[in-house]
Amino acid sequence: MAAARFDPAGPLRGSLRPPPDKSISHRAAIVGAMGDAEMRVDGYLDAADTRSTIAAVRVLGAEVRELGASAGAPGGIDLAIGGIGLRGPAEHAPGEPLAIDVGNAGTLMRLLPGWLAGQPGGAWILDGDDSIRRRPVDRVAEPLRAMGAEVEAVDGRLPPLRVVGRPLEGISYRMPLASAQVKSCLLLAGLLAAGETTVIEPAPSRDHTERMLRAAGVELASAPARTPVALRGRLPGEKITVRAVERLALDHQPVPADFSSGAFALVAAVLVRGSEVTVSGVGLNPTRIGLLGILNRMGAGIEVTEGLPVAGEPRGSVTARHGAPLTAVRVGGGEVSLAIDELPLVALLGCFAEGETIVSGAEELRHKESDRIASVVEGLQAVGAEIEATEDGFVVRGGGGLDGGTLDSCGDHRLAMLGAVAGIASRDGVEVEGFEAAAVSYPGFEADLKALLGA
Ligand code: S3P
């Protein structure tokens, strides 16, 4: 396990184009493989997680040509994907179950079964690293089974996941949690199912799959979901309906820079005196940028410039600067899913904000690459934070900043990068154990951070 040290430093100044969006890259590889003509992906994320998706679709029979580093997208490669067609996996399946290694990629583990479940004649076993083996898959297995799929998990809930292709029937499914991965899985299964498949989400979650499927010619009906009494007061999620199609037709998918990766530099700029950082070319899909509203309420200096959407995804740039003292904030309800991957950064911001920052309704964090309630709380406590875990979030008593110490990434890429930002904003520096995990989504993170520090 490699450790890296991040000493107090700053200011951070300049601009940065973060690496390509991880969520959109996973989807581009899968949708490209589902097509039957060649699809070009401009600026596909070249990182461990999305490499797992390239490998997986190759195992299924897709031909993925790597065309080299992407000119406009640092950290990205251009791809040409020769798809096998929507019903291709069964044709390419050998007699015995085909093994697919998803590595650390939860999105791949949850999305791919949706496509495979409706392929009579094929069988697959999806497995991954130790972290993946701790992350629940019953959330996709149960609704897929209700559609007629044959899906088996360890103890009914953990990978490896065995999928045997069967004819599927559409269902109407009210998701118990706002998960883009579950929603996407069921929409992919719906492309192969008889009748209509409807997914109702309790709160909004990222909608990249819907946007990409529409671009590929699929008619998706969507409307704000009617919210059950217990959930009133939250932002409404969507009710989305899909029917089977013959084929997908998408010849080109550009990928914006990843807001979630850029968020580390933005938060570093907010925390370190004298800083001003612009992240450019980032996706500004409203289902992804909950952090901006949170930063705004904390009193951080943030400016957003929205450009024209590219291939149906809003893009633009965000500037963050150090300024007025931060005030504590409460985050909960429908806002949680809009900032789900940035909540570790909210905990860090809370350490520097006057008052009590409270995140609630975020039980989902326990099922990420690590139990992110435990790993964030223990990691920040170890560097001097006054933070306590709750069942569904955390409470931070802020204002004192951080002394420093050693933070364990727990093999989680977002924890590794959180530790780095904590270190440069701390008084004595932070040693991040297992820093190499950052390469899951952002291999160039340390170099980009150093460039902004002028180091
Ligand atoms: C993702 C969805 C989110 C997010 C993950 C990527 C996706 O998970 O945390 O990093 O690409 O669909 P859930 O929506 O399932 O919580």
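Residues numbered from 1 in each chain as written. Predicted model: local features only at pLDDT ≥ 70, side-chain atom pairs only at ≥ 80, totals over all residues. Heavy atoms only, no water.

> Explain the pattern of salt bridges here, please?
Pairing between side chains becomes possible if they bear opposite charge and their charged atoms approach one another. For the structure on display, the rule yields 34 salt bridges. For glutamate 38, the salt bridge goes to arginine 65, with nearest N and O atoms at 3.1 Å. With glutamate 38 in strand β3 (residues 38-45) and arginine 65 in strand β4 (residues 63-69), the pair connects residues that are 27 residues apart, well separated along the chain. The partly exposed category is assigned to glutamate 38, whose relative accessible area is 47%. The structure contains a network of salt bridges with shared partners spanning Arg135, Arg206, Asp341, Glu369, Arg372, Asp412 and Arg414. (Salt bridge = Lys/Arg side-chain N within 4 Å of Asp/Glu carboxyl O. Helix = DSSP H or I, 4+ residues; strand = E, 2+ residues; numbered from the N terminus. Buried < 20%, exposed > 50% of the residue type's maximum accessible area, 1.4 Å probe, protein only.)

> Whenever I open this one, the site of the ligand confuses me. Can you help?
By nearness alone, every residue bordering the ligand is listed as Ser23, Arg27, Thr107, Ser179, Ala180, Gln181, Arg206, Ile340, Asp341, Glu364 and Lys368. The separation between an oxygen atom of the ligand and a polar side-chain atom of serine 23 is 2.7 Å. Contacts to the ligand include serine 179, whose side-chain N or O atom sits 2.6 Å from an oxygen atom. Across the complex, the protein chains shield 96% of the 380 Å² of accessible surface that the ligand would expose by itself. The pocket occupied by the ligand, as judged from atoms lying within 2 Å of grid points, is the largest pocket. A breakdown of the residues in the shell around the ligand according to their chemical character gives two nonpolar, four polar and five charged. (Near = heavy atom within 4 Å. Polar contact = N/O pair within 3.5 Å; in protein donor to acceptor, adjacent residues only side chain to side chain. Areas by Shrake-Rupley, 256 points an atom, 1.4 Å probe, with all protein chains shown as cover. 1 Å grid on protein atoms, 1.4 Å probe; cavity = no way out; pocket = protein on both sides within 12 Å on 5 of 7 lines; lining within 4 Å. Sits in = over half its atoms within 2 Å of the grid points. Nonpolar A, V, L, I, M, F, W, Y, C, P; charged D, E, K, R; others polar.)

> Got a minute to help me understand the environment of alanine 311 in this structure?
You can see alanine 311 is positioned in the loop between β16 (301-306) and β17 (315-321). We classify alanine 311 as partly exposed; its relative accessible area is 38%. Once the C-alpha coordinates of alanine 311 and methionine 212 are considered, the two residues, 99 residues apart in sequence, prove to be 8.4 Å apart. With near-sequence residues (within four places) excluded, alanine 311 lies in contact with Gln253 and Pro254. (Contact = heavy atoms within 4.5 Å.)

> Explain the sheet that holds strand β1 (residues 3-6) to me, please; I cannot follow it from the model alone.
Strand pairing within a sheet occurs via backbone hydrogen bonds; the two strands may be parallel or antiparallel. Across the sheet, three strands lie side by side as β1-β23-β22; this open sheet has mixed pairing. What marks the edges here is a single partner per strand, and that holds for β1 and β22 (405-408). Taking each pair of neighbouring strands and ignoring which way they run, the sheet shows an average axis angle of 25 degrees. One ladder, built from four bridges, connects β1 with strand β23 (residues 430-433); its direction is antiparallel. Paired with arginine 5 across the strands is glutamate 431, a residue of β23. (Pairing = 2+ DSSP bridges. Axes fitted to C-alpha atoms, helices over the stretch in contact; angles between N-to-C directions.)

> I tried to follow the pairing of strand β15 (residues 276-283) on my own but got confused; where do I start?
Regular strands place side chains that alternate from one sheet face to the opposite one. Taken together, the four bridges between strand β2 (residues 13-16) and β15 define a ladder with parallel strand orientation. Within β15, the residue paired with arginine 13 across the bridge is glutamate 276. In this sheet, β17 lies alongside β15 in antiparallel orientation, the contact comprising six bridges. The partner of threonine 278 across the bridge, within β17, is threonine 319.

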